[in-house]
Amino acid sequence: MYKFDRAEYEKRMAWYTQARFGMFIHWGLYAIPARGEWVRSVEEMPKEDYMRYFEEFDPVDYDPKQWARAAKEAGMRYMVLTSKHHDGFCLFDSQYTDFKSTNTKCGRDLVREFLEAGRAEGLKVGLYFSLLDWYHDDYPHYGDRNHPMRFNENYQNGGRNFDNYLTYMHNQVRELCSNYGKLDIMWFDFSYEDKYNVMRGEKWRATELVNMVRSLQPGIIIDNRLEVSGEGFGSLWTGEPEPFHGDFVSPEQIIPPNGIQDKNGRDMVWEACVTMNNNWGYCQDDRFFKPASMLIKKLVECVSKGGNLLLNVGPDAKGNIPPQSMQVLADIGAWMRRNSESIYGCGKAGIGKPDSGRITRKGNVLYYHLFENTIGPMPLPGIAPGEIDCVRMLATGAEVPLSQSWVRNDYADIAFADLGPDPILPDPVDTVLKVQLK
Ligand code: GLC
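Residues numbered from 1 in each chain as written. Predicted model: local features only at pLDDT ≥ 70, side-chain atom pairs only at ≥ 80, totals over all residues. Heavy atoms only, no water.

I'd like a rundown of the overall build of the protein chain, residues and numbers included.
Broken down by element type, the protein chain carries 9 helices and 15 strands. Reported as C-alpha extents along the three principal axes, the dimensions of the protein chain are approximately 80 × 50 × 40 Å. With 438 residues in all, the protein chain has 57% of them scored as buried. Excluding contacts between residues fewer than 6 apart, the proportion of contacts in the protein chain whose partners are at least 24 apart in sequence is 70%. Accessible surface computed for the protein chain: about 18,200 Å², of which carbon and sulfur atoms make up 49%. Computed over 50 positive and 61 negative side-chain charges, the inter-centroid distance for the protein chain is 3 Å. (Helix = DSSP H or I, 4+ residues; strand = E, 2+ residues; numbered from the N terminus. Buried < 20%, exposed > 50% of the residue type's maximum accessible area, 1.4 Å probe, protein only. Contact = heavy atoms within 4.5 Å. Areas by Shrake-Rupley, 256 points an atom, 1.4 Å probe, with all protein chains shown as cover. Lys, Arg positive; Asp, Glu negative; His and termini not counted. Charge placed at Lys NZ, Arg CZ, Asp CG, Glu CD.)

Written as C-alpha cells, this is what we have:
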C-alpha cells in the first residue's frame, strides 16, 4: 500500500515553488511543416509522408546555450524540453529506435546538449516525454482519439501488442533517467480516454514507471499527466494519492481563477503551461504573440494564486527561437531584473485582489503590484496602517510614505501609500510596492 510522505513531498517541491517561472520548449520534426506539433494528427498524415521531415531535419543553428541564456536572462529558473512528442521522434540517442535525432543529418543528441547547457547556466532542467507515440506500430491507431490514422480503416489494431509498446516506452524513460545526469522534472503528457480505451494510470503501467523514475532520479518532480491531462487534477487532489500521483497540477492555456485547492481545501502546487502565441510547436503563420506586458501580469497572477508559470517557446526547424519570442523574453527579463524579489519564493497573500492589481507575499513582506494608478493616495487593502513598518518602491528601494492626506480620513482602517503628484506610475506595466510588516 502506497503511503504518501508529505514531509518528503514538500522537501522535494521546495526549489520548484521558489522558482515560480520556467521555460517550456516544444521542438522537433514538426518545426519543418511549421503548422504546430499536432500537424500529423490534424492533417491525418500517413507516417510515410512525415518521414520526409526526418530525412530533411538539420537544425544547423541549434545552440542550446543561447536558449539557456535567454531563459536565464528572462528570469526563468528552469527549462523543460520535449525529449519525445506525440510523433514519436526522439531528440535523444535512444537504443530502442532509429527514429531519433542522432540518425538525422545533424547526428546530434539534442537532449544531452540541452541538459548540459541548462545546468551550465545554473538552471534546473526537465524533460517532457509523450506517453502517446504515433510512430510505434503497437500503439493504437484506428479508433484512437488522437492518432493520425484514427479514421483510416486500413490501420486496424488487430495484432498490435500494447504491452510491447509499454516496454518500449518504459525503456526509453529508463534511458533518459539513467544516461543524462540529474533530471529535476519529468513532464509526462498525457492521459485520455476514448470509446475503446482508458489511457490512464495503470494502463501506462504507471506505478512501475514512477517507481523506476524515482529510484533512478531521487528528488525528481513528476507532473500529473500519467493520470490526467491539462484537464483534471489527479489523485493528489483526492487526499488519497495513487503511487503514480503527480507532484503538481498542470492547467494548460488557463490560469485557475482561484488557484487550486485539494478536496480538503489545502492549497495544491500547480503550474500553468502557456504558449507565447497559440501553438506549442513552431507555426509560421501564428503571429499572435502575447505582449510581454501581458505575460508579466500573468506571471504575477500565477504567483499571487500560489502557482508557477511555464512559458513556452517553439524553435524553428533550424533551431532558432523566433525573434518575437526572444523580444518578449528580453522585455520580461528587464522587468524581472528590477522586481523578481516579488516573484521568487512568493505566493498567495491571503488578501483579496485589490483594484490596482495583485498582491504576492513572502513571509511578512507584501508586494503590491500596481497595474494601474488610482485617484488620490493608493490604498493598500488587507493591512491596517499600524501593521506597516515601511513601504519601498521595489525597483529602486526608494521610500514611499504612507499618505497623511485629509482625503483618506474617512477610511482610517485602510493604509494608503502616497505616490506623489505624477499620475503616471514609474513602471507602466507593473510598479511594485514592497510593504514590510512589523
Ligand atoms: C497538450 C498538447 C501537446 C502539448 C501539451 C503541453 O497536451 O496536446 O501538444 O505538448 O499540451 O502541455
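Could you give an account of the environment of Asp-389, with specific residues and numbers?
Within the secondary structure, Asp-389 is located in strand 13 (residues 388-393). A sequence separation of 49 residues divides Asp-389 from Lys-438, and the C-alpha atoms of the two residues are 4.9 Å apart. When residues no more than four places from it in sequence are discounted, the contact partners of Asp-389 are Gln-436, Leu-437 and Lys-438.

Explain the domain arrangement of the protein chain to me, using residue names and the numbers behind them.
Domains assigned within the protein chain are domain 1 (6-342) and domain 2 (357-437). One C-alpha centre belongs to domain 1, the other to domain 2, and the line joining them spans 39 Å. Taken together, the contacts link 13 residues of domain 1 with 14 residues of domain 2. Both sides of the domain 1 and domain 2 interface together cover about 1,300 Å² of buried area, and 59% of this is carbon and sulfur. Among the residues of domain 1 in contact with domain 2, Lys-297, Glu-341 and Ser-342 are the three that bury the most area, contributing 42% of the side total. Here domain 1 and domain 2 share 3 salt bridges between them. Taking the shortest distance from any N to any O, the salt bridge between Arg-358 and Glu-301 comes out at 3.6 Å. Linking domain 1 with domain 2 are 6 residue pairs in polar contact (both at pLDDT 80 or more). Every element with two or more residues in the side of domain 1 that touches domain 2 is listed here: helix 8 (292-304) and helix 9 (323-339). (Domains from an automatic or database assignment. Buried area = accessible area lost by both parts, 1.4 Å probe. Salt bridge = Lys/Arg side-chain N within 4 Å of Asp/Glu carboxyl O. Polar contact = N/O pair within 3.5 Å; in protein donor to acceptor, adjacent residues only side chain to side chain.)

Tell me about the pattern of salt bridges, and please be specific about residues and values.
The full count for this structure, using the stated rule, is 23 salt bridges. Between Glu-341 and Lys-434 there is a salt bridge, with the nearest N and O atoms lying 2.7 Å from each other. Of the two residues, Glu-341 sits in the loop between helix 9 and strand 10 (357-362) while Lys-434 sits in strand 15 (residues 431-437), which places them 93 residues apart along the sequence. Look at Glu-341 and you get partly exposed, because its relative accessible area is 30%. The class of Lys-434 is partly exposed, set by a relative accessible area of 24%. Here the salt bridges do not stand alone but share partners, grouping Lys-298, Glu-301, Lys-305 and Arg-358 into one network.

Quick one: what's the story with the side chain of Ser-325, residue by residue and with numbers?
Topologically, Ser-325 is positioned in helix 9. Beyond its immediate stretch of four places on either side in the chain, Ser-325 contacts Met-276, Phe-289 and Val-313.

Just give me the short version of the nonpolar core, but keep the residues and values in it.
If you look at the biggest cluster of nonpolar residues, it comprises 121 residues, and the most contacted ones within it are Trp-27, Val-173 and Phe-188. A total of 8 residues in this core trace back to one element, the largest contributor, which is helix 6 (residues 162-179). When residues of this core are assigned to domains, at least three map to each of domain 1 (6-342) and domain 2 (357-437). Not counting residues within four places of it along the chain, the set of residues in contact with Trp-27 comprises Phe-57, Pro-59, Tyr-62, Trp-67, Leu-81, Thr-82, Leu-91, Leu-110, Pro-315, Asp-316 and Gly-319. (Core = buried A, V, L, I, M, F, W, Y, C linked by side-chain atoms within 4.5 Å.)

Give a description of the sheet that holds strand 7 (residues 221-222) that names residues and reports values.
A sheet is described by the order of its strands in space; here 7 strands give the open sequence 7-4-3-2-1-9-8, paired in parallel fashion. Lying at the two open borders of the sheet, with one neighbouring strand each, are strand 7 and strand 8 (270-275). As defined by bridge partners, strand 3 (residues 124-130) adjoins strand 4 (residues 185-189) across 5 bridges and the pair is classed as parallel. The residue of strand 4 that forms the bridge with Phe-129 is Phe-188. (Pairing = 2+ DSSP bridges.)

Give me the lowdown on helix 9, citing residues and values where you can.
Between its terminal C-alpha atoms helix 9 stretches 24 Å, which fits the 24 Å expected from 17 residues at 1.5 Å a residue. Among the residues of helix 9, those classed as buried are Ser-325, Val-328, Leu-329, Ile-332, Gly-333, Trp-335, Met-336 and Asn-339. Considering only its buried residues, helix 9 is in contact with strand 1 (21-25), helix 4 (64-73), helix 8, strand 9 (307-313), strand 11 (365-370) and strand 15. (Expected span 1.5 Å × (residues − 1).)

Tell me about the packing of helix 6 against helix 7 (residues 206-216), and name the residues and values.
At a minimum axis distance of 9 Å, the contact between helix 6 and helix 7 shows a crossing angle of 15°. In terms of axis orientation, helix 6 runs roughly parallel to helix 7. Crossing of helix 6 against helix 7: the hand is right-handed. Here helix 6 contributes Met-169, His-170, Val-173, Arg-174, Cys-177 and Ser-178 to the contact with helix 7, which in turn contributes Glu-208, Leu-209, Met-212, Val-213 and Leu-216. Partitioning the contact of helix 6 with helix 7 into residue classes produces 7 nonpolar, 2 polar and 2 charged. (Axes fitted to C-alpha atoms, helices over the stretch in contact; angles between N-to-C directions. Parallel < 35°, antiparallel > 145°, perpendicular 65-115°, else oblique. Left-handed = near helix turned anticlockwise from the far one by under 90°. Nonpolar A, V, L, I, M, F, W, Y, C, P; charged D, E, K, R; others polar.)

Go over the sheet that holds strand 15 with me, naming the residues and quoting the values.
Taken together, the 4 strands give an open sheet; going across it, the order is 10-11-15-13, and neighbouring strands pair in antiparallel fashion. Unpaired on one side and paired on the other, strand 10 and strand 13 mark the two borders of the sheet. Pairs of neighbouring strands in the sheet enclose a mean axial angle of 20°, with direction left out of account. In this sheet, strand 15 lies alongside strand 13 in antiparallel orientation, the contact comprising 5 bridges. Counted as the bridge partner of Cys-390 is Gln-436 from strand 15. Helix 8 contacts strand 10 and strand 11 of the sheet and is inclined by roughly 50° relative to strand 10.

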